[in-house]
Amino acid sequence: MSIERRLNELGERWGLAPVQIAMLARALEVLATDPHAPSSVRGVAAVDVHVADSLSALALECVARAKAVADLGSGAGFPGLVLAVALPDARVALVESAARRCEFLERVCSVAEIGNARVVRARAEEWAEGLGAHDLVVARALAPLAVVCEYAAPLLAIGGSLVAWKGAVAESESTAAVRAAAQLGLEREEVVRSEPYAGSVAHHLHVYRKVALTPPEYPRRAGVARKRPLGAER
């Protein structure tokens, strides 16, 4: 199957206009040709692994109606770039600390003409401008769930949601995340099994809602969330 045909299938499934499909095609072309692209997945496989997987979150109401989105550890730009294309009325911040990856993201935004996405070169824990400013934070295969919760909670407004893309998650990780969420003003809402493309396995969207203010001691300084994760057994 060609990239064009697969993108058209996804466009039909998710209600994307031809101009949006063309933007996604240009983004994938940059991914395929840029020697500094931070992903080795190319061609039709990239449509499934990156684009279809990102679009799968549109099944969630909190994603479909989002207006201010932060994609943490954006890397190659997924899911943030795809959500920016799919949600033209939303503002999407691609939060990435590595300079070379930020330069790549800037090139993709320019070539694909994704005007509602901007690149933020920062660690999530140090991005003061983003505090409390988002109704949706997304993260794809970024870190253990408890760590992602600590990164995301301070950036969310009350009522906003965190959606984390994860593969199979051990019960211990899930339990630690629930405990961490309670400390951060988050509450786990649901875990949604997704099948973005034929043959995909263990794809899950973990959804947390911000129900209370995050205590002022969070986020902790850079690196601490990974070294001393919240919710761990003592």
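Scroll up for the structure.
Throughout what follows, the structure given in this document is the object of discussion. (Residues numbered from 1 in each chain as written. Predicted model: local features only at pLDDT ≥ 70, side-chain atom pairs only at ≥ 80, totals over all residues. Heavy atoms only, no water.)

1. Focus on the nonpolar core
The condition that has to hold: In this description, a nonpolar core means a group of buried Ala, Val, Leu, Ile, Met, Phe, Trp, Tyr and Cys residues linked to one another through side-chain atoms lying within 4.5 Å. For every residue, the accessible area (1.4 Å probe, protein chains only) is compared with the maximum for its type, and the residue is labelled buried under 20%, exposed over 50%, or partly exposed between those bounds. Contact between two residues is taken to exist if any of their heavy atoms lie within 4.5 Å; hydrogens are not considered.
The biggest cluster of nonpolar side chains holds 51 residues, and the ones touching the most others in it are Val63 and Val163. When sequence neighbours within four positions are dropped, the list of residues in contact with valine 163 reads Leu60, Cys62, Val63, Leu136, Val137, Val138, Ala139, Leu205, His206 and Val207. The next biggest cluster of nonpolar side chains, apart from the first, holds 32 residues, and it includes Tyr151, Ala153, Ala164 and Leu184.

2. Topic: the pairing of strand S1 (residues 68-72)
The test is simple: Under the DSSP-based scheme used, a helix requires at least four consecutive residues in state H or I and a strand at least two consecutive residues in state E, with every element numbered from the N terminus. Two strands qualify as a pair provided that DSSP identifies no fewer than 2 bridges between them. A clockwise course of the path from the first strand over the helix to the second, judged with the strands pointing away from the viewer, identifies a crossover as right-handed.
Most of S1 sits out of view: 5 of its 5 residues are buried. Along S1, one buried face is formed by Ala68, Ala70 and Leu72 and the opposite face, lined by Val69 and Asp71, is buried too. For S1 and strand S2 (residues 91-96), the ladder comprises 5 bridges, and the chain directions are parallel. From the neighbouring strand, leucine 72 faces S2, where its bridge partner is valine 95. In terms of handedness, the path from S1 via helix H5 (residues 80-86) over to S2 forms a crossover that is right-handed. Relative to strand S4 (residues 134-140), S1 is paired through 4 bridges, and the arrangement is parallel. Across the sheet, the residue bridging to alanine 70 is valine 137, located in S4.

3. As for the environment of alanine 164
Mapped onto the elements of the fold, alanine 164 is located in strand S5 (residues 156-166). It is 6.6 Å that separates the C-alpha atoms of alanine 164 and valine 207, two residues lying 43 residues apart in sequence. Once you skip the residues sitting within four places of it in the chain, alanine 164 turns out to touch Ala139, Leu145, Val148, His204, Leu205 and His206.

4. Some details on helix H8 (residues 171-184)
Formally: A helix is expected to reach a length of 1.5 Å times the quantity of its residues less one. Each C-beta atom gives one direction from the helix axis, and the arc is the one those directions make.
Look at H8: 20 Å from first C-alpha to last across 14 residues, which is about the 20 Å you get at 1.5 Å a residue. Along H8, the residues classified as buried are Glu173, Ser174, Ala176, Ala177, Ala180, Ala181 and Leu184. Considered in projection along H8, the buried side chains sweep an arc of 160 degrees and stay on one side of the axis. Turned more than 90 degrees from where H8 packs its buried face, Glu171, Ser172 and Ala182 sit exposed. Each element contacted by the buried residues of H8 is listed here: helix H7 (145-152), S5, strand S6 (186-194) and strand S7 (203-210). Where H8 ends, the next residue or the one after it, glycine 185, has phi of about 85 degrees, a positive value.

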